[in-house]
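One letter stands for each residue in the lines below.
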Amino acid sequence: MKNKNKWNRIPLDIYETYIDFCFVNDNKDFESTLKKHSEDSDMEGSYAAFFYDKKDEKRIVFNSKHLHPKIIAHESFHATHYVMEEIGEDFDINSHESFAWLNEYIFNSIHKHYLIHTQN
């Protein structure tokens, strides 16, 4: 069966980038999505994964079987770290506010879709 998961995009205009994310149905969909988009096989068996795909685009895939806001927060932090690293911003006392803002924005963008996803 072909994986037909819907990818959602979080535009990060101020950083001139974006993050794509999707929710997959189960462990099998999770692993097939990773194999299709990533060359990193270390993520199999995870509940979610932030990764750069084969085209070097930022993606997060969530396994709906284990979906929970704490998993969204965890992956949002990884995404925040990588976006800020790409622009050369180190996490320190002078920059933590921009990290916090971006992390909140990524989390809220995904959480909005999570609420819709869990109601279906």
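Our structure is the block above this text.
Scope of this entry: the structure provided in the associated data block. Small disclaimer: the values here were computed from a predicted structure and weren't measured.

Reading the values: the criteria
Residues numbered from 1 in each chain as written. Predicted model: local features only at pLDDT ≥ 70, side-chain atom pairs only at ≥ 80, totals over all residues. Heavy atoms only, no water. Phe/Tyr/Trp six-rings, centres within 6.5 Å; stacked < 30°, edge-to-face > 60°. Buried < 20%, exposed > 50% of the residue type's maximum accessible area, 1.4 Å probe, protein only. Helix = DSSP H or I, 4+ residues; strand = E, 2+ residues; numbered from the N terminus. Lys NZ or Arg CZ within 6 Å of the ring centre and 35° of its normal. Patch = residues over 30% accessible without salt bridge, like charges linked within 9 Å, V, L, I, M, F, W, Y side chains within 5 Å. Areas by Shrake-Rupley, 256 points an atom, 1.4 Å probe, with all protein chains shown as cover. Salt bridge = Lys/Arg side-chain N within 4 Å of Asp/Glu carboxyl O. Lys, Arg positive; Asp, Glu negative; His and termini not counted. Charge placed at Lys NZ, Arg CZ, Asp CG, Glu CD. Pairing = 2+ DSSP bridges. Axes fitted to C-alpha atoms, helices over the stretch in contact; angles between N-to-C directions. Contact = heavy atoms within 4.5 Å.

Observations regarding the packing of aromatic side chains
Two numbers describe a pair of aromatic rings. These are the distance of the centres and the angle of the planes.
Thinking step 1. Evaluated as defined, the whole model comprises seven aromatic pairs.
Thinking step 2. Aromatic pair Phe21 and Phe23: ring centres 5.8 Å apart, planes at 75°, arrangement edge-to-face. We note that Phe21, like Phe23, is buried.
Thinking step 3. Taking 5.6 Å as the distance between ring centres and 40° as the angle between the ring planes, the aromatic pair formed by Phe23 and Phe62 counts as tilted. Pair noted here: Phe23 is in strand E2 (residues 17–24) and Phe62 is in strand E4 (residues 58–63), with a separation of 39 residues, a long-range link. The pair formed by Phe23 and Phe62 is uniform in burial state, with each residue classed as buried.
Thinking step 4. Grouping aromatic residues by their ring pairs yields a cluster made of Phe21, Phe23 and Phe62.
Thinking step 5. Directly above the ring of Tyr18 sits Arg9, whose terminal nitrogen or CZ lies 3.5 Å from the centroid.
Thinking step 6. Above the plane of the ring of Trp7 lies Arg59, whose end atom (NZ or CZ) is 4.2 Å from the centre.

Topic: a negative patch on the surface
Thinking step 1. Taken together, the side chains of Glu85, Glu89, Asp90 and Asp92 present a region of like negative charge at the surface.
Thinking step 2. Here Asp92 lies in the loop between helix H2 (69–86) and helix H3 (96–119).

Let's talk about the sheet that holds E2
Thinking step 1. Taken in spatial order, the four strands line up as E1-E2-E4-E3 in an open sheet, and their pairing is mixed. Edge positions in the open sheet fall to strand E1 (8–12) and strand E3 (48–52), since each of these has one partner strand only. Neighbour to neighbour, the strand axes of the sheet diverge by 20° on average, direction disregarded.
Thinking step 2. Across the sheet, helix H1 (residues 27–37) touches E2, E3 and E4, and the angle it forms with E4 is around 165°.
Thinking step 3. Strands in contact with H2 are E1, E2, E3 and E4; relative to E3, the strand with the most contacts, it is inclined by about 15°.

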